[in-house]
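Tertiary structure, described
What follows is each chain in one-letter form.
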Amino acid sequence: MAKTVTLRLDDEVYNVFLEAARVENRPLSNLIETAALSRIREQQFVDDAEMSEILANENLRKRLQRGSSEAKKGKGRFVG
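Residues numbered from 1 in each chain as written. Predicted model: local features only at pLDDT ≥ 70, side-chain atom pairs only at ≥ 80, totals over all residues. Heavy atoms only, no water.

What to know about the environment of Val16
Defined as follows: Numbering of helices and strands starts at the N terminus; helices are DSSP runs of H or I of at least 4 residues and strands are runs of E of at least 2. Buried, partly exposed and exposed residues are distinguished by accessible area as a fraction of the type maximum, computed with a 1.4 Å probe on protein chains only: under 20%, between the cut-offs, and over 50%, respectively.
Along the chain, the position of Val16 falls in helix α1 (residues 11-23). A residue is classified by how much of its surface remains accessible, and Val16, at 53% relative accessible area, is exposed. Through-space distance from the C-alpha of Val16 to that of Arg41 is 22 Å; in sequence the pair is 25 residues apart.

Points about the packing of α1 against helix α2 (residues 28-44)
Two packed helices can be described by the angle between their axes and the distance between those axes. Short version of the rule: To obtain an axis, a line is fitted to C-alpha atoms, over the contacting stretch when the element is a helix, and the angle between two such axes runs from 0 to 180 degrees between their N-to-C directions. For classification purposes, an angle smaller than 35 degrees is called roughly parallel, one larger than 145 roughly antiparallel, one from 65 to 115 roughly perpendicular, and anything else oblique. The contact criterion used is simple: two residues touch if any of their non-hydrogen atoms lie within 4.5 Å. The nonpolar class holds Ala, Val, Leu, Ile, Met, Phe, Trp, Tyr, Cys and Pro. Asp, Glu, Lys and Arg form the charged class, and all remaining residues, Gly among them, are polar.
Where α1 meets α2, the axes come as close as 9 Å, and the angle between the chain directions of the two elements is 100 degrees. Classified by the interaxial angle, the pair formed by α1 and α2 is roughly perpendicular. Here α1 contributes Tyr14, Phe17, Leu18, Ala20 and Ala21 to the contact with α2, which in turn contributes Leu28, Leu31 and Ile32. Tallied by class, the residues present in the contact of α1 with α2 amount to eight nonpolar, no polar and no charged.

Observations concerning unusual backbone geometry
You will see that Asn25, though not glycine, has its phi angle at about 55 degrees, which is positive. Positionally, Asn25 belongs in the loop between α1 and α2. The exposure class of Asn25 is exposed, given its relative accessible area of 70%.

Quick look at the confidence of the model for the protein
What counts here: As a per-residue quantity, pLDDT reports the predictor's confidence and falls between 0 and 100.
Chain-level pLDDT for the protein is 91 on average; 99% of the residues reach the 70-or-more range. Mean pLDDT across the elements of the protein bottoms out in helix α3 (residues 48-56) (91) and peaks in α1 (97).

Let's talk about a negative patch on the surface
Keep this limit in mind: Patch construction takes residues with relative accessible area above 30% that form no salt bridge. Like charges are linked within 9 Å, and nonpolar side chains (Val, Leu, Ile, Met, Phe, Trp, Tyr) are linked within 5 Å. Residue exposure ignores everything except the shown protein chains as possible cover, and the areas themselves are Shrake-Rupley values with a 1.4 Å probe. Definition used for salt bridges: Asp or Glu carboxyl oxygen within 4 Å of a side-chain nitrogen of Lys or Arg. In this tally, Asp and Glu contribute negative charge and Lys and Arg positive charge; neither His nor the terminal groups of the chain are included. Lys charges are placed at NZ, Arg charges at CZ, Asp charges at CG and Glu charges at CD.
Residues Asp47, Asp48, Glu50 and Glu53 make up a contiguous surface patch of negative charge. Looking at where Glu50 falls in the secondary structure, it is placed in helix α3.

Focus: the pattern of salt bridges
Pairing between side chains of opposite charge can happen when their charged atoms approach one another. If you walk through the whole model with that rule in mind, you get three salt bridges. Residues Glu24 and Arg26 are paired through a salt bridge, measuring 2.6 Å at the closest nitrogen-oxygen approach. Classification of Glu24 by relative accessible area gives partly exposed; the value is 46%. What makes Arg26 partly exposed here is its relative accessible area of 25%.

Some points on the environment of Asn59
By the secondary structure assignment, Asn59 is in helix α4 (residues 58-72). Between the alpha carbons of Asn59 and Glu42 there is a distance of 25 Å; along the sequence they are 17 residues apart.

Set out below in structure tokens:
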């Protein structure tokens, strides 16, 4: 079931969003939903350049593997 969210926007921001929605011929809510999901996905996944850097860094790879192994065994604690 769809949920309703209320969003307060400055008039200037609202007008920018509204114009973008009109240009793409879609509802404002769809534009905001699509943009938000796109941004979240960008932050959750690694791009090709970043992955290349990770794979080239032997020390980092070892630390990530050790951390993953320790997490699977339930060692350590979450900080946050």
